[in-house]
Amino acid sequence: MQQRVYEEIQAIFGNDHMISPTYQDLQEMKYLELVIKESLRLYPPVPSFSRILNQEAKFDDKIKLPKGLTLTLYALLLHRDPSVFPDPEKFDPDRFLPENSTKRSPYAYVPFSAGSRNCIGQRFAMLELKSTVFKIIRQFELLPVYNH
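A short tour of the structure in this document, coming up. Predicted model, so just to flag it, every value in this text is computed and none were measured.

1. Notes on the pattern of salt bridges
Turning to step 1, where the next piece is worked out: Within the structure shown, the criterion is met by seven salt bridges.
Turning to step 2, where the next piece is worked out: The partner of D94 in a salt bridge is R4, and the shortest N-O contact between them spans 4.0 Å. Residue D94 is located in the loop between α4 (75-78) and α5 (98-101), and its partner R4 is located in helix α1 (residues 2-13); the two are separated by 90 residues in the primary sequence.
Turning to step 3, where the next piece is worked out: Exposure remark for R4: the relative accessible area of 42% places this residue in the partly exposed category.
Turning to step 4, where the next piece is worked out: With its nearest N and O atoms 3.0 Å apart, the salt bridge here joins R95 to E38. Here E38 lies in helix α3 (residues 30-42) and R95 lies in the loop between α4 and α5, a separation of 57 residues in the sequence.
Turning to step 5, where the next piece is worked out: With relative accessibility at 7%, the residue R95 sits in the buried group.
Turning to step 6, where the next piece is worked out: Several salt bridges share partner residues, and in doing so they unite E33, K37 and K130 into one network.

2. Concerning the side chain of R104
Turning to step 1, where the next piece is worked out: With respect to the secondary-structure elements, R104 resides in the loop between α5 and α6 (122-139).
Turning to step 2, where the next piece is worked out: In terms of polar contacts, R104 uses its side chain to reach the backbone carbonyl oxygen of R95, at 2.8 Å.
Turning to step 3, where the next piece is worked out: A polar contact is formed between the side chain of R104 and the backbone oxygen of N100, at a distance of 3.3 Å.
Turning to step 4, where the next piece is worked out: Discounting chain neighbours no more than four positions away, the residues touching R104 are V84, F85, R95 and F96.

3. Focus: the environment of P66
Turning to step 1, where the next piece is worked out: Among the secondary structure elements, P66 is positioned in the loop between β3 (64-65) and β4 (70-74).
Turning to step 2, where the next piece is worked out: A C-alpha to C-alpha distance of 4.6 Å links P66 and E56, two positions 10 residues apart in sequence.
Turning to step 3, where the next piece is worked out: Setting aside residues no more than four positions away along its own chain, P66 makes contact with L53 and E56.

Conventions adopted
- Residues numbered from 1 in each chain as written.
- Predicted model: local features only at pLDDT ≥ 70, side-chain atom pairs only at ≥ 80, totals over all residues.
- Heavy atoms only, no water.
- Salt bridge = Lys/Arg side-chain N within 4 Å of Asp/Glu carboxyl O.
- Helix = DSSP H or I, 4+ residues; strand = E, 2+ residues; numbered from the N terminus.
- Buried < 20%, exposed > 50% of the residue type's maximum accessible area, 1.4 Å probe, protein only.
- Polar contact = N/O pair within 3.5 Å; in protein donor to acceptor, adjacent residues only side chain to side chain.
- Contact = heavy atoms within 4.5 Å.

In structure tokens, the structure reads:
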């Protein structure tokens, strides 16, 4: 996957290591975005968040949650739901290809929360992540460390 990200960078910039990416260049890094999204699925920057119900919530005739109740959502667990993300411990950036994610609820993947209280800086964060990973992958090959 690292090689594929490197090849995507090479396709955009060639061998000129002095070029800094523009906003448009970062937008073209589609596979890098898939890799980052999958990384955030497994290790969300906000692993849990809470909300207080401002009105009673009814899910069916049997389940009623009272106004004022604090609900905590664990994104770390939500992102590992095998009914939404098959083989959830596997690192698979292709989960985020359009054809694999269009049927998924927008609330199944919430690394920066979701809805009206989501992180207003999530797009900026993605640009920062792309820019940082770009600089690392452009200059280095990351290798695993093995315990002998």
